[in-house]
Amino acid sequence: CVQPSVPPVPNYKLSMSIPEWLQAIQTYMKMLQYNHTGTQFFEIRKTRPLSGLMETAKEMTRESLPIKCLEAVILGIYLTNGQPSVERFPISFKTHFSGNYFHHVVLGIYCNGRYGSLGMSRRSDLMDKPLTYRTLSDLIFEFEDSYKKYLHSVKKVKIGLYVPHEPHSFQPIEWKQLVLNVSKMMRTEVRKELEKFARDMRMKILKPSSAHSLTKERPRGKSLSPRRRQGSPQRRSYRRDKS
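Conventions and cut-offs
- Residues numbered from 1 in each chain as written.
- Predicted model: local features only at pLDDT ≥ 70, side-chain atom pairs only at ≥ 80, totals over all residues.
- Heavy atoms only, no water.
- Core = buried A, V, L, I, M, F, W, Y, C linked by side-chain atoms within 4.5 Å.
- Buried < 20%, exposed > 50% of the residue type's maximum accessible area, 1.4 Å probe, protein only.
- Helix = DSSP H or I, 4+ residues; strand = E, 2+ residues; numbered from the N terminus.
- Contact = heavy atoms within 4.5 Å.
- Expected span 1.5 Å × (residues − 1).
- Pairing = 2+ DSSP bridges.
- Patch = residues over 30% accessible without salt bridge, like charges linked within 9 Å, V, L, I, M, F, W, Y side chains within 5 Å.
- Areas by Shrake-Rupley, 256 points an atom, 1.4 Å probe, with all protein chains shown as cover.
- Salt bridge = Lys/Arg side-chain N within 4 Å of Asp/Glu carboxyl O.
- UniProt positions renumbered as here; feature names shortened; annotations may be inferred.
- Axes fitted to C-alpha atoms, helices over the stretch in contact; angles between N-to-C directions.
- Parallel < 35°, antiparallel > 145°, perpendicular 65-115°, else oblique.
- Left-handed = near helix turned anticlockwise from the far one by under 90°.
- Nonpolar A, V, L, I, M, F, W, Y, C, P; charged D, E, K, R; others polar.

**With respect to the nonpolar core**
So, point 1. Counting 37 residues, the largest nonpolar core has M29, I67, I74, L75, I77 and I173 as its most contacted members.
So, point 2. At the level of secondary structure, the elements contributing two or more residues to this core comprise α1 (18-32), α2 (50-63), α3 (69-80) and β2 (100-111).
So, point 3. Looking at this core element by element, the count peaks at eight residues for α3.
So, point 4. Look past the residues within four positions of L75 in its chain and what remains in contact with it is Y28, M29, L32, A57, M60, T61 and I67.
So, point 5. In this structure, L136, L180, V190 and F197 belong to the second largest nonpolar core, which totals 28 residues.

Written out as structure tokens, the structure reads:
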């Protein structure tokens, strides 16, 4: 029998464990294959709202064309939406090899106290990692060790925030909340930074840097509300001048 050219999009079944479900998603991505053509089939603008990127992910499932690392991250988010126990966040690497710099991104996964990843790469050990790592730093060091096999030295690691499970969100993905210049740091130092960040992420106390101004405004408005009557004319004119 002839194999269909369009792989079926995986569906979550209640009988599946989360690791099985992640494995099904990764298998699907591998069936789409890595894009070696040099032409990117889908335009991914990192600053777009999540809702727009999810539309692109839908298109990927319809077109079934080969994908690269960035598309795999967007597709991974799309396919894991609606699984609130699965937290997703981008992990980016900047590496150096033979006089050139290379950029790569995977989708970090956190679930039930364990870390792993989904993704696509030319190299099988630079994409998905099983959901078995006890800490975020264990996962990052695993990638760093994999890179060493190809004589790539990791220069920078960027970690983004958890991506909301709301597919219609107008919020963009926060790609680099934490940036570590790992080539200039000791592993103990890197571990300390990553663990502090991971703890803050789990406690959901980090806010996207792009939303800082908004989040700061709101509480300030609340605390000033009792006194607003007094100072409102001044504040209004001040704001007008500012704009």
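**Some remarks on helix α4 (residues 136-149)**
One full turn of an α-helix is made of 3.6 residues, so residues set three or four places apart face in the same direction.
So, point 1. Counted at 1.5 Å a residue, the expected span for α4 with its 14 residues is 20 Å, and the 21 Å between its end C-alpha atoms agrees.
So, point 2. Listing the buried residues of α4 in full gives L136, S137, L139, I140, F141, F143, E144, S146 and Y147.
So, point 3. Of the surrounding elements, those touching the buried residues of α4 are β1 (87-97), β2, β3 (114-118), β4 (129-133), β5 (153-159) and α5 (187-202).
So, point 4. In the stretch just after α4, L151 is the one whose phi turns positive, near 60 degrees.

**Thoughts on the pairing of β5**
So, point 1. Alignment of β1 against β5, held across six bridges, turns out to be antiparallel. If you follow I91 over to β5, its bridge partner there is I159.
So, point 2. Inspection of the sheet shows β5 paired to strand β6 (residues 178-180) by three bridges, in the antiparallel sense. Note that in β6 the partner of I159 across the bridge is L178.

**Points about a nonpolar patch on the surface**
So, point 1. Taken together, the side chains of F97, F102 and L151 present a nonpolar region at the surface, about 290 Å² in accessible area.
So, point 2. Here F102 shows up in strand β2.

**Description of the UniProt feature "active site" (unreviewed entry) in the protein**
So, point 1. What UniProt calls "active site" (unreviewed entry) maps, in this numbering, to C69, H104 and S121. A compact arrangement is adopted by the annotated residues: their sequence extent is 53 residues, whereas the largest C-alpha distance between any two is 8.2 Å.
So, point 2. Apart from the residues lying within four places of it in its own chain, the contact partners of C69 are Y34, H104, V105 and M120.
So, point 3. Position of H104 relative to the elements: it lies in strand β2.
So, point 4. The class of H104 is buried, set by a relative accessible area of 10%.

**Brief notes about the packing of α1 against α3**
So, point 1. Relative to each other, α1 and α3 sit at 140 degrees, their axes nearing to 11 Å. The orientation of α1 with respect to α3, classified from their angle, is oblique. In terms of crossing hand, the pair formed by α1 and α3 is right-handed. Residues W21, L22, I25, Y28, M29 and L32 of α1 lie in contact with α3, whose contacting residues are A72, L75, G76, L79 and T80.
So, point 2. For the contact of α1 with α3, the class distribution of residues is nine nonpolar, two polar and no charged.

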